[in-house]
Amino acid sequence: FPAAHHTGEEAERVITLATEHGWKDISLAATPYRLTRYFLNVLGAAEERKIELKLSCLTVNNIDWGRRVEKHSVIQGSVVGTGFEQLAAELERIVDYRQRWEQREPGFAPIASIAEGLAYLQSRQ
């Protein structure tokens, strides 16, 4: 695959690969502030295609959440802020993208809601 243009497209490609290769257990890796949205995009894409997967999340440990970091995005360009600021922005995107996807706005990929993500994780205990 060529590079994905956004997290939703990346998530849909992960589900395509899982389907093609018969994967049932996938570990998702991302920075701590991006991981929640990535997980919800993959979960949403899996649910949209009615594919059952065991999703696990991996990230770096010992992050300094107050440190300023720069994130590069195809759509947003360079985004600079503390880890806390990056996380807050990601949570806002989750809510916004979920609403847009529910309205079937063109260009928005499936994304599970925060409540659906929590329910999925609780069901795995």
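Reading the values: the criteria
Residues numbered from 1 in each chain as written. Predicted model: local features only at pLDDT ≥ 70, side-chain atom pairs only at ≥ 80, totals over all residues. Heavy atoms only, no water. Helix = DSSP H or I, 4+ residues; strand = E, 2+ residues; numbered from the N terminus. Buried < 20%, exposed > 50% of the residue type's maximum accessible area, 1.4 Å probe, protein only. Right-handed = clockwise from strand over helix to strand, strands pointing away. Expected span 1.5 Å × (residues − 1). Arc of directions from axis to C-beta. Contact = heavy atoms within 4.5 Å. Phe/Tyr/Trp six-rings, centres within 6.5 Å; stacked < 30°, edge-to-face > 60°. Axes fitted to C-alpha atoms, helices over the stretch in contact; angles between N-to-C directions. Parallel < 35°, antiparallel > 145°, perpendicular 65-115°, else oblique. Left-handed = near helix turned anticlockwise from the far one by under 90°. Nonpolar A, V, L, I, M, F, W, Y, C, P; charged D, E, K, R; others polar. Core = buried A, V, L, I, M, F, W, Y, C linked by side-chain atoms within 4.5 Å. 1 Å grid on protein atoms, 1.4 Å probe; cavity = no way out; pocket = protein on both sides within 12 Å on 5 of 7 lines; lining within 4 Å. Points joined across faces, edges and corners; volume = space filled by probe spheres on them.

> Any details on unusual backbone geometry? Residues and values, ideally.
The backbone of K50 sits at a positive phi, close to 60°, despite the residue not being glycine. Inspection of the secondary structure assignment puts K50 in the loop between α2 (32-48) and β2 (54-58). Of the residues examined, K50 reaches a relative accessible area of 74% and is grouped as exposed.

> Pulling in residues and values, what's your account of the pairing of strand β1 (residues 25-29)?
What you see with β1 is a clean split: I26 and L28 sit on the buried side and D25, S27 and A29 on the side with no burial. What joins β1 to β2 is α2, and the crossover it makes is right-handed.

> Explain helix α3 (residues 83-102) residue by residue, including any values.
Along its 20 residues, α3 runs 28 Å from first to last C-alpha, staying within 8% of the 28 Å computed at 1.5 Å per residue. Buried residues of α3: G83, Q86, E90, R93, I94, R98 and W101, and no others. Taken end-on, α3 shows its buried residues confined to a sector of 130°, consistent with a single buried face. α3 presents F84 and E92 as exposed residues on the side facing more than 90 degrees away from its buried surface. In this structure, the buried residues of α3 make contact with α2, β3 (68-73), β4 (77-82) and α4 (114-123). Phi turns positive, to about 55°, at R104, one or two residues after α3.

> Let's hear about the packing of aromatic side chains: which residues, and what values?
One pass over the structure, following the stated rule, counts 3 aromatic pairs. With centroids separated by 5.9 Å and ring planes inclined at 50°, the aromatic side chains of F39 and Y120 adopt a geometry described as tilted. A residue pair is termed long-range when its members are at least 10 positions apart, and F39 in helix α2 and Y120 in helix α4 qualify at 81 residues. What makes Y120 buried here is its relative accessible area of 13%. When the centroid spacing of 5.6 Å and the interplanar angle of 35° are considered together, the rings of W65 and F84 count as tilted.

> Pulling in residues and values, what's your account of the packing of helix α1 (residues 7-21) against α2?
Two numbers describe how α1 lies on α2: the axes approach to 8 Å, and their chain directions differ by 50°. It follows from the interaxial angle that α1 and α2 lie oblique. Crossing of α1 against α2: the hand is right-handed. Where α1 approaches α2, its residues T7, G8, E10, A11, E12, V14 and I15 are matched on the opposing element by R34, R37, Y38, N41, V42, A45 and A46. Across the contact of α1 with α2, the residue classes break down as 7 nonpolar, 3 polar and 4 charged.

> How would you explain the nonpolar core if you had to name every residue and give the values?
One finds I15, I26, L28, F39, V42, L53 and L55 to be the most contacted residues of the largest nonpolar core, which totals 23 residues. Sorting the residues of this core by element identifies α1, β1, α2 and α3 as the ones contributing at least two each. If one sorts the elements of this core by residue count, α2 sits on top with 8 residues. Apart from residues lying up to four places away in sequence, I15 is in contact with V42, A45, A46, R49, I51 and L53.

> I'd like a description of the layout of surface pockets, backed by residues and values.
Considered as a void within the structure, the largest pocket measures approximately 490 Å³ in volume. Along the walls of the largest pocket sit 26 residues, with H6, T7, R34, R37 and S73 positioned nearest its centre. Contributions of two or more residues to the lining of the largest pocket are made by α1, α2, β3 and α3. Classifying every residue of the lining of the largest pocket by side-chain character gives 8 nonpolar, 10 polar and 8 charged.

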